[in-house]
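One letter stands for each residue in the lines below.
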Amino acid sequence: MRLDRALRDAEAGRTRTEADKLISAGRVAVNGTVVRKGDVKVDTDTDTVTLDGRAVTSRRFRYYMMNKPAGVLSATEDRSCETVLDLLPEPLRKLGLSPAGRLDKDAEGLLILTNDGDLIHNIITPKKHVEKRYYVRLRENWQPDYDDRFRAGVVIDDGYQCMPARFEGGENPKEGYVYVCEGKFHQVKRMLAAVGNEVLYLRRLQVGELTLDADLAPGEVRELEENEVLALSKKR
Ligand code: URA
């Protein structure tokens, strides 16, 4: 890609004009050589681009966590309904991010957004056993046999036997936590329906070792730290 594009992409919010000013001021180098033209081609996977001597991270893959609010779709576009991409700050909308696993429109919580298709696959495929933890509020009190039934593989409405999962009752008899490695449509709601209950509220708290950041307000995103991405990639 062009150097000015690489420099612009390296920092959310930087414009092409700002990038060009930095370049013509001689503050940018490619593989150690100062370059004063924005249209010079660089390969951001192999070339080192520096600004004032510091490497700029024009990474190909980007990873974010969002605290998804209720009322928006976990999709990249929709004709009639607001999507999680609509909630992103403008510069992040151009990165080609997609959600790694969906949350229902009325569900909230941890949503990973990335342009790394392999990571998305690893998170959502049951084969990798990346466990997702959900907090649920229920219509009826949870029962002590839920955990055994989930571990044995509960059969949901269409006859599908779910993979082994877990249920942990909360202190409140109408609250609990569900742990699943697969992501069928409405899975947690259907599993609780299969044991005679109903989910009134659903919030994803954790994906693998990544926990929803308590500081993120509904609709906010933050970039994942390198160690968080590594933790998610561990089961590859
Ligand atoms: N299970 C559900 O029922 N809904 C979700 O959004 C996620 C898991």
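Scope of this entry: the structure provided in the associated data block.

Rules and cut-offs
Residues numbered from 1 in each chain as written. Predicted model: local features only at pLDDT ≥ 70, side-chain atom pairs only at ≥ 80, totals over all residues. Heavy atoms only, no water. Helix = DSSP H or I, 4+ residues; strand = E, 2+ residues; numbered from the N terminus. Buried < 20%, exposed > 50% of the residue type's maximum accessible area, 1.4 Å probe, protein only. Contact = heavy atoms within 4.5 Å. Lys, Arg positive; Asp, Glu negative; His and termini not counted. Charge placed at Lys NZ, Arg CZ, Asp CG, Glu CD. Near = heavy atom within 4 Å. Polar contact = N/O pair within 3.5 Å; in protein donor to acceptor, adjacent residues only side chain to side chain. Nonpolar A, V, L, I, M, F, W, Y, C, P; charged D, E, K, R; others polar. Phe/Tyr/Trp six-rings, centres within 6.5 Å; stacked < 30°, edge-to-face > 60°. Arc of directions from axis to C-beta. Core = buried A, V, L, I, M, F, W, Y, C linked by side-chain atoms within 4.5 Å. Pairing = 2+ DSSP bridges.

Some words on the overall build of the protein chain
Then step 1. Regarding its fold elements, the protein chain presents 6 helices and 13 strands.
Then step 2. When burial is assessed residue by residue, the protein chain has 44% of its 236 residues classed as buried.
Then step 3. Residue pairs in contact within the protein chain that sit at least 24 positions apart in sequence constitute 62% of those at least 6 positions apart.
Then step 4. Distance between charge centres in the protein chain, computed from 39 positive and 40 negative side chains, equals 4 Å.

Concerning the site of the ligand
Then step 1. Taken together, the neighbourhood of the ligand is formed by L103, D104, A107, Y134, H186, Q187, V188, K189 and L202.
Then step 2. Contact distances for the ligand include 3.2 Å between an oxygen atom and a backbone N or O atom of H186.
Then step 3. One of the backbone N or O atoms of K189 is found 3.0 Å from an oxygen atom in the ligand.
Then step 4. Sort the elements by how many residues they give to the shell around the ligand and helix α5 (residues 187-194) lands first, with 3 residues.
Then step 5. Here the shell around the ligand is composed, by residue class, of 5 nonpolar, 2 polar and 2 charged.

Thoughts on the packing of aromatic side chains
Then step 1. All chains considered together, the criterion is met by 6 aromatic pairs.
Then step 2. Between Y146 and F167, the aromatic rings sit 5.2 Å apart at their centres with planes inclined by 80 degrees, giving edge-to-face as the arrangement. Linking Y146 in helix α4 (residues 146-152) with F167 in strand β9 (residues 166-169), this pair joins segments that are 21 residues apart in sequence.
Then step 3. Residue class for Y146 comes out buried when judged on its relative accessible area of 2%.

Side note on helix α6 (residues 226-233)
Then step 1. Here α6 has its buried residues at E228, V229, L232 and S233. Buried residues along α6 cover an arc of 135 degrees about the axis, so they all sit on one side. Exposed side of α6, more than 90 degrees from the buried face: E226, N227 and L230 are the residues found there.
Then step 2. Where α6 is buried, its residues contact β5 (63-68), β7 (108-114), α3 (117-124), β11 (199-207), β12 (210-211) and β13 (221-223).

Quick look at the nonpolar core
Then step 1. Ranked by internal contacts, the top residues of the largest apolar core, which has 30 residues, are L113, V136, F150 and L192.
Then step 2. Of all the secondary structure elements, the ones that give two or more residues to this core are β5, β7, β8 (132-138), α4, β10 (175-180), α5 and β11.
Then step 3. Listed in part, the 16 residues of the second largest apolar core include L110, I123, V130 and L212.

Some thoughts on the sheet that holds strand β3 (residues 49-51)
Then step 1. A sheet is described by the order of its strands in space; here 4 strands give the open sequence β2-β1-β3-β4, paired in antiparallel fashion. The strands lining the two open edges of the sheet, one partner per strand, are β2 (33-34) and β4 (54-55).
Then step 2. In this structure, strand β1 (residues 28-30) lies alongside β2, joined through 2 bridges in antiparallel fashion. Across the sheet, the residue bridging to V30 is T33, located in β2.

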